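Take a look at the letters that make up each chain.
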Amino acid sequence: MTVPIPAPPSIPFIGNVTALDKELPIKSFNLLADQYGEIYQLNLAGRMLVVVNTHELVAEVSDEKRFMKKISPGLLEVRNAAGDGLFTAHPDEPNWHLAHRILMPAFSTMNVRNMFDDMMDITSQLIMKWDRFGPNHLIDPASDFTKITLDALSLCTMSYRLNSFYLEDAHPFAKAMGDFLGESGHRSMRPGFMNTVMYNQNAKFQQDRATMLNLVDDILVNRKEHPSDKKDLLHLMMTGKDKETGLGLPDDNIKFNLLTFLIAGHETTSGMLTFSLYYLLKNPEAMRRLREEIDEKIGDRPMVVEDVHKLPYLLAVMREVLRLSPSAPMRTVAPLEDTLLKGKYAVQKDISLTVNVAAAHRDPKVYGPDPEKFRPERMMDGKFQALPANAWQPFGFGMRGCIGRPFAWQEVQIVLATVLQRFDIVLQDPAYELQLKQTLTIKPKNFYIRAIPRAGKP
Ligand code: HEM
């Protein structure tokens, strides 16, 4: 027997549109999960959406024989710039398969190890900046971490220096991208006819799109004019051939994928870095334990690539940060056929099933009575591997899971270990409680710190 999927009361024509906070939809999704439990459905001006919130349901929809990634309305808007790049490609698009097969090897742990020196290079620019500004300078870590992640990505994968640390403000690409993603989210929540008459927003959307695509054009032209020996990701994109078909990537798909890596790779990682500082500052015992590990294993010398595998508590901290605040908090899949969830909730073929990863990561059936608590000890090696399958999914799932995971992992290890080795970090306002900012990803808002250089550190 089927059971109806709960739904909030709906208003004629617009359905549940007003139930979602325009600036912070994740907050509304979480409140609705508190109210309706494991599953609920929304009608967004005629577009039906089913949201799943528990580990059991997330595990069920992570079965690639029954469900596949669906390009959500927000991602459909992002396609205006990223086309059939890896992140926004529909499952049946041939260029996804081609790019996936050609580019996967570039992100193996082995290849990412070779990017260590370039990651350290960019990290040292942040260290120098914080050092020179001194202990009284107010730091917006989300902004500086965005500079690190954007610059590291373009240097490591495209051998192209964006030099964000030499700019007063954010890099124009980062600014255009933030606005473009924000507007993509807004457009996806407005009824279609409204988008056509929002002339100013449309002009700005097109302008931001052009700023982003101009940068990847520049990068591609620059490489063609100045060929490099470096076997980086861009080299692979331009020369790689698919073993199955013998085909290479068409030029427009190279541009879409360059843009995709810049978009998918930098906000997510800078969000993770910023959340990490927040949780560590709010949990002094975890900060103390992590600092002790870094001092013992690395001490006063600069970090080297071998250190990456010597920091088990840092690993647990990173896993716990992404459990509580997965910087990409939701993803969408669709059933391949009409089906029943948990044998009782009927869902139709192709309907959008939104996976609320942030809610499922707080499932007490998996994480016990204190799922809201930041407790890295629960994520130490051994305990982490013993979690049920699909209980921790910040990088998505299966074929469409994150290709950049080893890249992000190594970068966060380097930045956190180096920052904590060199500075005592303090909150500007000790009473600060987490506020969020959301575009395609989430990150802390109004979060400021000071960085006090530690005596005797390199
Ligand atoms: C896909 C999260 C860093 C590139 C994804 C997905 C998630 C995710 C959840 C799946 C999205 C979906 O199912 O719709 C994260 C997080 C990161 C991170 C939390 C950092 C903490 C990176 C980096 C790169 C990257 C550094 C690039 C170097 C991509 C790409 C895809 C993807 C290209 C699409 C893969 C495909 O569908 O073939 N990421 N990501 N990500 N990510 Fe990441």
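Everything here concerns the structure above.
Residues numbered from 1 in each chain as written. Predicted model: local features only at pLDDT ≥ 70, side-chain atom pairs only at ≥ 80, totals over all residues. Heavy atoms only, no water.

**Q** Explain the overall build of the chain to me, using residue names and the numbers behind them.
**A** Along the backbone of the chain there are 17 helices and eleven strands. The C-alpha radius of gyration computed for the chain amounts to 22 Å, which stays within 12% of the reference 23 Å derived for 458 residues, consistent with globular compactness. The principal-axis extent of the C-alpha atoms belonging to the chain is close to 70 × 55 × 45 Å. The buried share among the 458 residues of the chain stands at 54%. Relative to all contacts within the chain whose residues are 6 or more apart in sequence, the contacts with residues 24 or more apart total 73%. About 20,200 Å² of surface is accessible on the chain, with carbon and sulfur atoms providing 56% of the total. Within the chain, one finds 54 positive and 55 negative side-chain charges whose respective centroids are separated by 2 Å. (Helix = DSSP H or I, 4+ residues; strand = E, 2+ residues; numbered from the N terminus. Rg over C-alpha atoms; globule rule 2.2 N^0.38 Å. Buried < 20%, exposed > 50% of the residue type's maximum accessible area, 1.4 Å probe, protein only. Contact = heavy atoms within 4.5 Å. Areas by Shrake-Rupley, 256 points an atom, 1.4 Å probe, with all protein chains shown as cover. Lys, Arg positive; Asp, Glu negative; His and termini not counted. Charge placed at Lys NZ, Arg CZ, Asp CG, Glu CD.)

**Q** Tell me what's going on with the coordination of the iron atom of the ligand, and back it up with residues and numbers.
**A** Donor atoms from the protein around the iron atom of the ligand number only one, Cys-402 (SG), found at 2.3 Å. Positionally, Cys-402 belongs in the loop between α16 (364-367) and α17 (405-422). (Donors = N, O, S within 2.8 Å, 3.2 Å for Na, K, Ca; no water.)

**Q** Please give an account of the site of the ligand that cites residues and values.
**A** Among the 25 residues in the neighbourhood of the ligand, the closest are listed as Lys-69, Leu-86, Trp-96, Arg-400 and Cys-402. Side-chain polar atom of Trp-96 to an oxygen atom of the ligand: 2.7 Å apart, as the coordinates give it. The set of elements that each furnish at least two residues to the shell around the ligand consists of α12 (251-282) and α17. Examining the composition of the shell around the ligand, we find that seven residues originate from one element, α12, more than from any other. In terms of residue class, the shell around the ligand is made up of 14 nonpolar, eight polar and three charged. (Near = heavy atom within 4 Å. Polar contact = N/O pair within 3.5 Å; in protein donor to acceptor, adjacent residues only side chain to side chain. Nonpolar A, V, L, I, M, F, W, Y, C, P; charged D, E, K, R; others polar.)

**Q** Quick one: what's the story with the pairing of strand β1 (residues 39-44), residue by residue and with numbers?
**A** Along any regular strand, the residues point their side chains to alternate faces of the sheet. One ladder, built from six bridges, connects β1 with strand β2 (residues 47-52); its direction is antiparallel. Bridge pairing in β2 places Leu-42 opposite Leu-49. (Pairing = 2+ DSSP bridges.)

**Q** Tell me about the packing of α12 against helix α13 (residues 284-297), and name the residues and values.
**A** Packing of α12 against α13 brings their axes to within 5 Å, and their N-to-C directions diverge by 110°. In terms of orientation, α12 lies roughly perpendicular with respect to α13. Along the contact surface, α12 presents Leu-280, Leu-281 and Lys-282, while α13 presents Pro-284, Ala-286, Met-287 and Leu-290. Looking at the contact of α12 with α13 residue by residue, the class counts come to six nonpolar, no polar and one charged. (Axes fitted to C-alpha atoms, helices over the stretch in contact; angles between N-to-C directions. Parallel < 35°, antiparallel > 145°, perpendicular 65-115°, else oblique.)

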